[in-house]
Amino acid sequence: MADTEILMAAIRGESRLIDAAMYTDLDALAETADGLLTEILRYSLFNGGKRIRPLLVVLATRLCGRSDPAVYDLARAFEYLHAATLMHDDVIDNAETRRGRPSVFKKFGLVAAILAGDFLHARSMAIVGESAGTEALSVFSEATGRIVDGEFLQIRNAADHNLREEDYQRAILGKTGLLIAAACEVGAIWAGRGIEERLALRSYGIHLGCAFQIIDDILDYQGDTGKTGKAVGNDLVEGKMTLPLILTMQQADQEDRLRLQEILADEVLRRHAFAEVSCLIEKYNGFSLSRRKAEEAATAALTQLEVFPGKAGGQEKKILQGLVKYVLDREK
């Protein structure tokens, strides 16, 4: 088998075990929770997610020398929180689809989606605290708070048409990078490793998360809806200042920059100018420059794994390295 096939087979195997832990938890919840809540949880959780965050918990734990099936119970907390943020994001963005199906709030209603997201948020924190202790919960809680902060920063960047790349990086660090970093660090904490390994895995997660979000921003313009499961152009409609647009506006001549500013300032234009904006981004190499930034972040992520030399955690290290390439090459 090719390396990519081996990686994907390993990811699928671990994903099945993560799913099994979630199914067991939801079966137990069904005895006391409202029937509509458990229906929504099953609908949202088992809808083709990539399971990257819980997978990172498992891999980080094993890389750090602890092999214990109870890690899947801890790992599911990260998928719960991720699912909660997606439910709330779809409400905020008025997104009609998620992974090719109606979003939770479109299928079950606004109130039900918000409440189900709140439940998963609370459930995830309880799991981390019970499974890994207060230090891990502190890391997890910080990441949760920074997700909200990242969303607020993104709103402010959009309102101000902010072209500062460092503010974009701060926003995606909060929205994506720190939860992925927390998954890696909590795995190391659970395995009982020291500060050097914890910080290396945290940094790996931050850089991986930044690469992931940049690719996500590119796919919002260039993705295939059949593969991504959501319509392209949502970021433009919402006026989000994502990296392809920021780099384009930095490079554009005055005429094109003014046209982009005109489109961004007008909600109606944003809904109808997707092709025009995409052409301008292509004209100024906004997509290729963004991909280069993602590749730089990916290289930085790989460097962090050098803390684990030789054959230490051999298989897990290879998968973590493979995940970096997977993030860069993904189409959905």
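Residues numbered from 1 in each chain as written. Predicted model: local features only at pLDDT ≥ 70, side-chain atom pairs only at ≥ 80, totals over all residues. Heavy atoms only, no water.

(A) Layout of the confidence of the model for the chain. The predicted model of the chain averages 91 in pLDDT, with 96% of residues at 70 or higher. Considering each helix and strand of the chain separately, the mean pLDDT is smallest for helix α10 (residues 225-228), with a value of 68, and largest for helix α16 (residues 286-304), with 97. (pLDDT = per-residue confidence, 0-100. Helix = DSSP H or I, 4+ residues; strand = E, 2+ residues; numbered from the N terminus.)

(B) Structural detail: helix α4 (residues 71-93). For α4, spanning 23 residues, the distance from its first C-alpha to its last is 33 Å, which sits close to the expected 33 Å at 1.5 Å a residue. Burial runs high along α4: 19 of the 23 residues are buried. Looking one or two residues beyond α4, the residue adopting positive phi is N94, at roughly 55°. (Expected span 1.5 Å × (residues − 1). Buried < 20%, exposed > 50% of the residue type's maximum accessible area, 1.4 Å probe, protein only.)

(C) Structural view of the environment of A21. In this fold, A21 is placed in helix α1 (residues 3-29). Residue A21 is classed as buried on the basis of its relative accessible area of 8%. Distance from A21 to P69, taken between C-alpha atoms, is 9.9 Å for residues 48 residues apart in sequence. In contact with A21, not counting residues within four places along its chain, are Y72, D73 and R76. (Contact = heavy atoms within 4.5 Å.)

(D) Up close: the packing of aromatic side chains. Summed over all chains, the structure comprises five aromatic pairs. Each ring, one from F78 and one from F140, has its centre 5.0 Å from the other, and the planes form 80°; the classification is edge-to-face. Of this pair, F78 sits in helix α4 while F140 sits in helix α7 (residues 134-160); the two residues are 62 residues apart in sequence, bridging distant segments of the chain. Judged by relative accessible area, which is 0%, F78 ranks as buried. Residues Y221 and F274 carry aromatic rings whose centres are separated by 5.8 Å and whose planes lie at 10° to one another, so their mutual orientation is stacked. Pair noted here: Y221 is in helix α9 (residues 195-222) and F274 is in helix α15 (residues 274-283), with a separation of 53 residues, a long-range link. With relative accessibility at 23%, the residue F274 sits in the partly exposed group. Among the aromatic side chains, those forming a connected cluster through ring pairs are Y221, F274 and F287. It is R101 that lies over the ring of Y43; its NZ or CZ is 4.0 Å from the centre. The ring of F108 carries K107 above its face, with NZ or CZ at 5.6 Å from the centroid. (Phe/Tyr/Trp six-rings, centres within 6.5 Å; stacked < 30°, edge-to-face > 60°. Lys NZ or Arg CZ within 6 Å of the ring centre and 35° of its normal.)

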